[in-house]
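Descriptive structure summary
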Amino acid sequence: MTSAPADPVDLPFLARLLEADDDTHPRALLRKARAVSTALPQLLLSAARRDGLALGTGAADELRRAGERADTYREVFAAVCADVSSATVRQVKGASLAAHYPEGLRRPVGDLDLVVDGDEEDLWRVVAAVTAYADLTDVDLALLHDGSRTHLVLSLSWPSPDALLDRDLRVEVSTLAFPGRHPDVPPRARLPEEPFVADLLSLAEEAFQRPFHARDVVDVLFLFGAPPEDSGRPDPSAVAAAAGTLRLAPELLHLLTYSRDRVPPGVLGRLTAARLDAVTAALRGPVATERARRAAVVSDRPADCLGIDDRLASGLPVHGMPLRHRPFDAGLSPSRRHDFADGSLLRTPVADFLLVTGPLVAPEQYHSALRELDRIDPPAPGEPGSS
C-alpha cells in the first residue's frame with residue numbers, strides 16, 4: 001500500500017472532521033459517524049485500533065466483517081478480470097482509493113463500482129463473471145443515453161454473510177462512467193486514462209448524489225499526499241483540463257475547498273497543501289466556463305411529461321422494474337427491447353424488466369407486462385409463472 005509522508009488520521013483528527021471536540025469519547029464519535037454513513041465507522045474503528053485502543057468483541061467483529069467485505073470485492077474483481085481484459089473493465093472509488101491508504105487504516109468500502117470501457121457484450125461478460133461468483137437476489141437496471149449510445153447501469157446484489165447487521169453486497173456495473181445531473185450536466189461515458197484523475201473526478205461526481213463528508217476529506221488527503229516519487233499524478237493543468245472536459249470543474253473545486261478547509265494547516269503538510277492549491281488555482285478558468293454553460297441550459301419540458309425515448313434523448317434515466325429473474329442466459333446478450341400496447345419490456349441475460357418513467361407504476365400496466373412476457377416467452381412446463 002502507498003503511505004503518505006505524514007499520516008495525520010487519528011481519532012482527534014476524525015473528531016474534527018465530524019465537528020466534535022478532540023476529547024469526544026470514541027463511542028460518541030461512532031454514533032456521529034453512523035449518522036453520516038453506514039460504512040464510516042470502519043474508518044474510525046481502524047484508527048482507534050492504530051491509536052492503541054483495545055477493541056471489544058463487537059468492534060473487532062465489525063472490522064473483521066469490513067475486511068471480509070473488501071476481500072470479497074477483490075475476489076469478484078479478480079474473477080471478472082479472468083474473463084474480461086483489465087483494460088476493458090476498471091474499478092473506481094472504493095478499492096482503487098483504498099490502495100492509497102496506509103497500512104492499518106481501513107477505507108470504508110460499501111460497493112464495488114466497475115466501469116466497462118466497451119460495448120454491451122463486454123458488460124454482459126462482466127455480469128456473467130459476477131453471477132458465476134455469487135447467487136444474485138436483486139438486479140436493478142437503468143438506461144442512460146450520452147448523445148451517441150444508450151448505456152446500461154446495473155446493480156447486482158446478494159446478501160452479506162451477516163445479513164442482519166450488514167447491507168447486501170453489491171456490484172455496480174456500467175458502460176457509463178459519469179451519470180451526470182439533468183438538465184445541466186449530461187451523461188459522459190469515458191473515464192480518464194490516469195487512475196488518479198479517474199478516482200478524483202469520480203469522487204467529485206458524488207456531489208450530484210449526496211453532500212461531501214469526512215470520508216471524502218480523508219480520500220483527498222491520501223490522494224494528494226502520496227510520496228513525491230509517485231509518478232501517477234498528472235500536473236495540475238491536466239487535472240483541471242480533464243475536469244473541464246468532463247464538466248465537473250465546479251464539483252471538483254467544491255471537493256478540494258471543502259477538504260482544504262477542514263484540515264488544519266499544520267496537519268495538512270506543505271507538499272499536500274501545495275498540490276491542492278495548484279489544482280484549485282488551475283480550476284478557475286474551467287469553473288467559470290462550466291458555470292456559464294450551465295446557466296444557459298434550458299429544460300424544454302418537465303421530466304414527468306416525457307416518455308421513454310424522450311427521457312433518454314434528454315439525458316434522463318429510464319429505470320427497469322424487474323418482472324422475471326433467470327440464471328445467466330448468454331443467448332439474451334445483447335439486451336432486447338420489446339414494445340407492446342401498454343409499455344416496453346427489456347429482456348436481458350439476467351432478468352426481464354418493464355421500462356418505467358417514474359416511481360409509480362399502475363397495477364394494470366404491471367399485470368399487462370407480465371401477460372405480455374408470458375405470451376412472448378411462456379414458462380416451461382413445471383416452472384412457476386412469471387410473478
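In this text, all values refer to a predicted model and were calculated from it rather than measured experimentally.

1. Observations concerning the packing of helix α12 (residues 270-282) against helix α13 (residues 284-295)
Between α12 and α13, the least distance of the axes is 4 Å, while the angle of their chain directions is 40°. Judged by the inter-axis angle, α12 sits oblique to α13. Only Arg-284, Gly-285 and Pro-286 of α13 make contact with α12, whose side of the interface consists of Thr-280, Ala-281 and Ala-282. By residue class, the composition of the contact of α12 with α13 is 3 nonpolar, 2 polar and 1 charged.

2. Quick look at the layout of surface pockets
One number sums up the size of the largest pocket: a volume of about 1200 Å³. Forming the boundary of the largest pocket are 44 residues, of which Lys-93, Asp-113, Glu-172, Glu-206 and Gln-209 lie nearest the centre. Of all the secondary-structure elements, those providing two or more residues to the lining of the largest pocket are β2 (112-116), β3 (138-145), β4 (150-158), β5 (169-174) and α7 (195-205). Among the residues making up the lining of the largest pocket, the classes are represented as 18 nonpolar, 13 polar and 13 charged. Size it by volume and the second largest pocket reaches roughly 380 Å³. Among the elements that line the lining of the second largest pocket, the one with the most residues is helix α4 (residues 57-83), at 7 residues. For the lining of the second largest pocket, the per-class residue count stands at 6 nonpolar, 5 polar and 9 charged.

3. A short note on the side chain of Asp-219
On the secondary structure map, Asp-219 appears in helix α8 (residues 214-224). For Asp-219, a relative accessible area of 1% puts it in the buried group.

4. So, empty space enclosed by the protein
In this structure the tally under the stated criterion is 1 cavity of 30 Å³ or more. Empty space within the largest cavity amounts to approximately 30 Å³. Lining the largest cavity, in full, are Tyr-73, Val-92, Gly-94, Ala-95, Val-109, Asp-111, Leu-112 and Asp-113. Counting only elements with at least two residues in the lining of the largest cavity, the list comes to α5 (94-98) and β2.

5. Re α8
Of all 11 residues in α8, 11 are buried, a share of seventy percent or more. Those residues of α8 not exposed but buried are Ala-214, Arg-215, Asp-216, Val-217, Val-218, Asp-219, Val-220, Leu-221, Phe-222, Leu-223 and Phe-224.

6. Some details on the packing of aromatic side chains
As enumerated under the stated definition, the model contains 3 aromatic pairs in all. Seen from their ring centres, Phe-212 and Tyr-258 are 6.1 Å apart, and the 50° between their planes marks the pair as tilted. Remark: Tyr-258 occurs in helix α10 (residues 249-262) and Phe-212 occurs in the loop between α7 and α8; sequence separation between them is 46 residues. Neither Phe-212 nor Tyr-258 differs from the other in exposure class; each is buried. Directly above the ring of Tyr-258 sits Arg-262, whose terminal nitrogen or CZ lies 3.6 Å from the centroid.

The rules behind each value
- All residue numbers here refer to positions counted from 1 along the written sequence of the relevant chain.
- Local features in this predicted model are restricted to residues whose pLDDT is 70 or higher, and side-chain atom pairs enter the listing and the counts only when it is 80 or higher, whereas totals over whole chains, interfaces and linings include all residues.
- Each side-chain value is derived from all of the structure's non-hydrogen atoms; neither hydrogens nor water enter the calculation.
- Here an angle of 0 to 180 degrees is reported between the N-to-C directions of two axes, which are lines fitted to C-alpha atoms, with helices fitted over the stretch in contact.
- Strands are runs of DSSP state E lasting at least two residues, helices are runs of H or I lasting at least four, and both sets are numbered from the N terminus onward.
- An angle below 35 degrees is read as roughly parallel, one above 145 as roughly antiparallel, one from 65 to 115 as roughly perpendicular, and any other as oblique.
- By definition, residues are in contact when any of their heavy atoms lie within 4.5 Å.
- Polar here means any residue outside two lists: the nonpolar Ala, Val, Leu, Ile, Met, Phe, Trp, Tyr, Cys and Pro, and the charged Asp, Glu, Lys and Arg; Gly therefore counts as polar.
- Buriedness for pockets is judged along seven lines, at least five of which must meet protein on both sides within 12 Å for an open set on the 1 Å grid over protein atoms alone, while cavities are sets there where a 1.4 Å probe fits but cannot get out, and lining residues have an atom within 4 Å of a point.
- Grid points are joined across faces, edges and corners, and a volume is the space filled by probe spheres set on the points.
- The buried label applies to any residue whose accessible area, calculated with a 1.4 Å probe on protein chains only, is under 20% of its type's maximum; exposed applies above 50%, and partly exposed to all values in between.
- Ring pairs are drawn from Phe, Tyr and Trp, using the six-membered ring of Trp, whenever the two centres fall within 6.5 Å, and their geometry is named by plane angle: stacked under 30 degrees, edge-to-face over 60, tilted for the rest.
- When the NZ atom of lysine or the CZ atom of arginine is within 6 Å of a ring's centre and also within 35 degrees of its normal, the charge is said to sit over that ring.

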